[in-house]
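A structural walkthrough
Okay, here's what each chain looks like letter by letter:
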Amino acid sequence: DTGVSQDPRHKITKRGQNVTFRCDPISEHNRLYWYRQTLGQGPEFLTYFQNEAQLEKSRLLSDRFSAERPKGSFSTLEIQRTEQGDSAMYLCASSSGLGTLGGYTFGSGTRLTVV
Amino acid sequence: AQTVTQSQPEMSVQEAETVTLSCTYDTSESDYYLFWYKQPPSRQMILVIRQEAYKQQNATENRFSVNFQKAAKSFSLKISDSQLGDAAMYFCAYRSYPYGGATNKLIFGTGTLLAVQP
């Protein structure tokens, strides 16, 4: 297992278009997280899955954002009708549910630019 | 709500010297975890060190150690014998202890950009 994979690495889209990102977590990790990071800021929590259930969602997440994790494996994050303010790095992370002292494994992120 | 504050946007250190990065946090919880993550330019974030709040002993990982002051809600990172590869953005992060119903999210500070001068 090579860690958490995210695809694509970079995405440039026109305002108003829909985009979808994919995250493949470490196979034995049942927890998956999405974060958003803008320039000069720390990552902000977006949403959390335990297996296929979406258990927590940030109030910052507008209804243009939706995430899924079918079958508790990979996850997708879709942004509809993109806006320039959506430009950011979108990070995915995973962890196991064994306490693990809270440690996550992060992916390399998908950088979204909305023009 | 919990918050994490890193008041040093940028720091610089000479190779082989020691540097300390500051972090303060605010919480009403008594059990939690604290972390330092390193994010090199254009590379993924990796865990440097973690501290459980119920442990009084400060965590150490090779050249990295923390000074955890629970009463003061302070959690600084000391990097000894700095190396060029230590240059990165460093984030302090907080997570609630995983009691039933507790959030699983990490709360990050704004980061400190560390430069290492040869």
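Our subject in this report is the structure included herewith. (Residues numbered from 1 in each chain as written. Chains lettered and ligands numbered in written order. Predicted model: local features only at pLDDT ≥ 70, side-chain atom pairs only at ≥ 80, totals over all residues. Heavy atoms only, no water.)

1. Details of the state of the cysteines
Chemically, a disulfide is nothing more than a covalent bond linking the sulfur atoms of two cysteines. As enumerated under the stated definition, the model contains 2 disulfides over all chains in all. A sulfur-sulfur distance of 1.9 Å marks the disulfide that ties Cys-23 of chain A to Cys-92 of chain A. Its S-S torsion of approximately -70° makes the covalent link between Cys-23 of chain A and Cys-92 of chain A left-handed. Note that Cys-23 of chain A is positioned in strand 3 (residues 19–24) and Cys-92 of chain A in strand 9 (residues 88–95), a separation of 69 residues in sequence. Take Cys-23 of chain A: its relative accessible area is 0%, and that puts it in the buried class. One disulfide in the model links Cys-23 of chain B with Cys-92 of chain B; its S-S distance is 2.0 Å. When the S-S torsion is -70°, as for the bridge of Cys-23 of chain B with Cys-92 of chain B, the disulfide is left-handed. Of this pair, Cys-23 of chain B sits in the loop between strand 3 (19–21) and strand 4 (24–26) while Cys-92 of chain B sits in strand 10 (residues 88–96), placing them 69 residues apart in sequence. Using a relative accessible area of 1% as the deciding quantity, one classes Cys-23 of chain B as buried. (Disulfide = S-S within 2.5 Å. Helix = DSSP H or I, 4+ residues; strand = E, 2+ residues; numbered from the N terminus. Buried < 20%, exposed > 50% of the residue type's maximum accessible area, 1.4 Å probe, protein only.)

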